[in-house]
Amino acid sequence: TAWCVIDDYGIMETIAYPTPNTADIAKQTLALMRKYNVPAQSVMFDRGGGGMQIAHQLRDQGFYVQTVGFGEAVNPRPRRGLQTIKNRIEHSEEKYTYANRRAEMYWKLSEMLDPGLPPKHGIGFGIPDKDLELRRQLAPIPKKYDKEGQMWLPPKNKKDKDSKEKTLIDIIGCSPDRADALVVALYCRDFATRRVTAGVA
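Everything numeric here is computed off the predicted structure, so don't read it as measured data. (Residues numbered from 1 in each chain as written. Predicted model: local features only at pLDDT ≥ 70, side-chain atom pairs only at ≥ 80, totals over all residues. Heavy atoms only, no water.)

Colleague: How do you make sense of the side chain of Asp7 when you look at a structure like this?
Modeller: Tracing the sequence through the fold places Asp7 in strand 1 (residues 2-7). Of the side chains with opposite charge, Arg189 comes closest to the buried, unpaired Asp7, at an N-O distance of 6.6 Å. At a separation of 2.9 Å, a polar atom in the side chain of Asp7 contacts the main-chain amide nitrogen of Tyr9. (Helix = DSSP H or I, 4+ residues; strand = E, 2+ residues; numbered from the N terminus. Buried < 20%, exposed > 50% of the residue type's maximum accessible area, 1.4 Å probe, protein only. Lys, Arg positive; Asp, Glu negative; His and termini not counted. Salt bridge = Lys/Arg side-chain N within 4 Å of Asp/Glu carboxyl O. Polar contact = N/O pair within 3.5 Å; in protein donor to acceptor, adjacent residues only side chain to side chain.)

Colleague: In this structure, what is going on with the pattern of salt bridges? I would like to understand it.
Modeller: Side chains that carry opposite charge are capable of pairing whenever their charged atoms lie near each other. Inspection of the entire model under this criterion finds 12 salt bridges. A salt bridge links Lys108 to Glu104; the shortest N-O distance between them is 3.3 Å. One end of the pair is Lys108 and the other is Glu104, both in helix 4 (residues 101-113) and four residues apart, which spans about a single turn. In this structure Lys108 comes out as partly exposed when scored by relative accessible area, which is 28%.

Colleague: For this particular structure, what's the right way to read unusual backbone geometry?
Modeller: It is generally the case that most residues other than glycine have a negative phi and that most peptide bonds are trans. Non-glycine residue Asn37 carries a positive phi angle of around 60°. Relative to the assigned elements, Asn37 resides in the loop between helix 1 (23-36) and strand 3 (43-46).

Colleague: Looking at this structure, how should I read the side chain of Asp46?
Modeller: With respect to the element layout, Asp46 can be found in strand 3. Comment: no salt bridge for buried Asp46; closest opposite-charge side chain is Lys156, at 5.1 Å. Side-chain polar atoms of Asp46 contact the backbone nitrogen of Gly48, separated by 3.0 Å. If sequence neighbours within four positions are ignored, Asp46 has contacts with Gly51, Met52, Val68, Phe70, Val200 and Ala201. (Contact = heavy atoms within 4.5 Å.)

Colleague: Even after reading the chapter, I still don't get the packing of aromatic side chains, so can you show me in this structure?
Modeller: Any aromatic ring pair is given by two values, namely how distant the centres are and how the planes are angled relative to each other. As enumerated under the stated definition, the model contains two aromatic pairs in all. With centroids separated by 5.2 Å and ring planes inclined at 35°, the aromatic side chains of Trp3 and Tyr17 adopt a geometry described as tilted. Residue Trp3 is located in strand 1, and its partner Tyr17 is located in the loop between strand 2 (10-16) and helix 1; the two are separated by 14 residues in the primary sequence. The exposure class of Trp3 is buried, given its relative accessible area of 1%. Taking the relative accessible area as the measure of exposure, Tyr17 reaches 29% and is therefore partly exposed. With a centroid separation of 5.3 Å and 65° between ring planes, the pair formed by Trp107 and Tyr145 is classed as edge-to-face. Taken as a pair, Trp107 in helix 4 and Tyr145 in strand 5 (residues 144-145) lie far apart in primary sequence, 38 residues in all. Judged by its relative accessible area of 6%, Trp107 is buried. In this structure Tyr145 comes out as exposed when scored by relative accessible area, which is 52%. For Arg102, the ring lying beneath its charged end belongs to Phe70, and the centroid distance is 4.0 Å. (Phe/Tyr/Trp six-rings, centres within 6.5 Å; stacked < 30°, edge-to-face > 60°. Lys NZ or Arg CZ within 6 Å of the ring centre and 35° of its normal.)

Nothing here speaks to function; it is all geometry.
What follows is the structure, given as structure tokens:
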């Protein structure tokens, strides 16, 4: 399991370790929430790999955390307040830009880290230079277009044992847990009411 805590300027802390006892995931999440004063609605879990069950456990305790599915379709995300016509058009177009949520989240991270693009809202986003494993996981991830022109990424796992398609695990050499936690945290910022958010993958 990997956790990534961010604010508007970059990564504050990344933690990753094996969690054979899934009870440790909820404990670690609560510890990070207390450490950085992150409200539950600013915490998001990857639904896969048991993340949905952990989210339900925390909700049963009164911590109403959020979840996201990497393979889900890109539909307009719920936002507070009235939407402008421009926002409605942008959200509608997003559905046709990305093949799935994983592609959307990784492409947007790539744009944030691109030194050739102006920083969003005039604020740059940084990865600590000491986080070598996160950098190693992110570096080889390819960005591609399918025949319809949608942005897509290779799947994390093989769809079946006979598949010849290269997966992210094949490309990176391990599961991209740290990278997944980062993009989940960034995606959570769209929903968060506070500046500090956390992603768990």
